[in-house]
Amino acid sequence: MVDAEAVWFEMPEDEWLRAFACHPRIGERKADVGMTAQFATWSGSEQEAAQDTLDAVAERLVTGNRRYEERFGFLYIVFAKGRTAPELLKILEERLEQDRATELNEAARQQWEITRLRMTNWMAL
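Because the structure is predicted, anything quoted here is derived from the model rather than measured.

## Observations regarding the overall build of the protein
So, step 1. Looking only at helices and strands, the protein has seven helices and zero strands in total.
So, step 2. When the helices and strands of the protein are read in sequence order from the N terminus, they spell out α-α-α-α-α-α-α.
So, step 3. The burial tally for the protein puts 34% of its 125 residues in the buried class.
So, step 4. Carbon and sulfur atoms make up 54% of the accessible area of the protein, which amounts to about 7600 Å² in all.

## Notes on the pattern of salt bridges
So, step 1. Tallying each qualifying case throughout the model produces eight salt bridges.
So, step 2. When the shortest N-O distance is used, the salt bridge between Glu-69 and Arg-25 registers 2.5 Å. Of this pair, Glu-69 sits in helix H5 (residues 55–72) while Arg-25 sits in the loop between helix H2 (13–20) and helix H3 (37–46), and the two are 44 residues apart along the sequence.
So, step 3. Here Glu-69 falls in the partly exposed class, since its relative accessible area comes to 22%.

## Brief notes about the packing of aromatic side chains
So, step 1. The full count for this structure, using the stated rule, is seven aromatic pairs.
So, step 2. Among the aromatic side chains, those forming a connected cluster through ring pairs are Phe-20, Tyr-68, Phe-72, Phe-74 and Tyr-76.

## Here we look at a nonpolar patch on the surface
So, step 1. Residues Trp-122, Met-123 and Leu-125 make up a contiguous nonpolar surface patch of about 450 Å² in total accessible area.
So, step 2. The exposed category is assigned to Leu-125, whose relative accessible area is 69%.

## Notes on the environment of Ala-58
So, step 1. Relative to the assigned elements, Ala-58 resides in helix H5.
So, step 2. In this structure Ala-58 comes out as partly exposed when scored by relative accessible area, which is 24%.
So, step 3. Taking the C-alpha atoms as reference, Ala-58 lies 6.3 Å from Gly-27; in sequence the two are 31 residues apart.

## What to know about the environment of Tyr-76
So, step 1. By secondary structure assignment, the location of Tyr-76 is in the loop between H5 and helix H6 (85–95).
So, step 2. For the pair Tyr-76 and His-23, spaced 53 residues apart in sequence, the C-alpha to C-alpha distance is 9.1 Å.
So, step 3. Discounting chain neighbours no more than four positions away, the residues touching Tyr-76 are Ile-26, Asn-65, Tyr-68, Leu-88, Ile-91, Leu-92 and Arg-95.
So, step 4. Within the local environment of Tyr-76, its side chain forms a polar contact with the backbone oxygen of Leu-88, the two atoms lying 2.8 Å apart.

Calculation notes
Residues numbered from 1 in each chain as written. Predicted model: local features only at pLDDT ≥ 70, side-chain atom pairs only at ≥ 80, totals over all residues. Heavy atoms only, no water. Helix = DSSP H or I, 4+ residues; strand = E, 2+ residues; numbered from the N terminus. Buried < 20%, exposed > 50% of the residue type's maximum accessible area, 1.4 Å probe, protein only. Areas by Shrake-Rupley, 256 points an atom, 1.4 Å probe, with all protein chains shown as cover. Salt bridge = Lys/Arg side-chain N within 4 Å of Asp/Glu carboxyl O. Phe/Tyr/Trp six-rings, centres within 6.5 Å; stacked < 30°, edge-to-face > 60°. Patch = residues over 30% accessible without salt bridge, like charges linked within 9 Å, V, L, I, M, F, W, Y side chains within 5 Å. Contact = heavy atoms within 4.5 Å. Polar contact = N/O pair within 3.5 Å; in protein donor to acceptor, adjacent residues only side chain to side chain.

What follows is the structure, encoded as structure tokens:
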């Protein structure tokens, strides 16, 4: 049996970046056009708490997303399920302090958590 987690963490950076690019930015409702309807539904569900945020927090998330992408060259990826917008903003601000290599590995770890949740949901269908 293939260990999906081991395979994920052995993938090259460009494959991780392709996976990251399939996500909407935290706090945005619009998903990538390449995303299936089912993944868009799951993504919206995972970010549900961030969608119901105050305008000030939402604005800081937008600004923080922009800074993150400029600093690291890829989207801010975080396992958002069950987290509030203020929590997601705090995590974003903390992660902006990391170097790129550390952050790339953290983003890959977060992507793995999202993938694992989606595989579990898919298998439950």
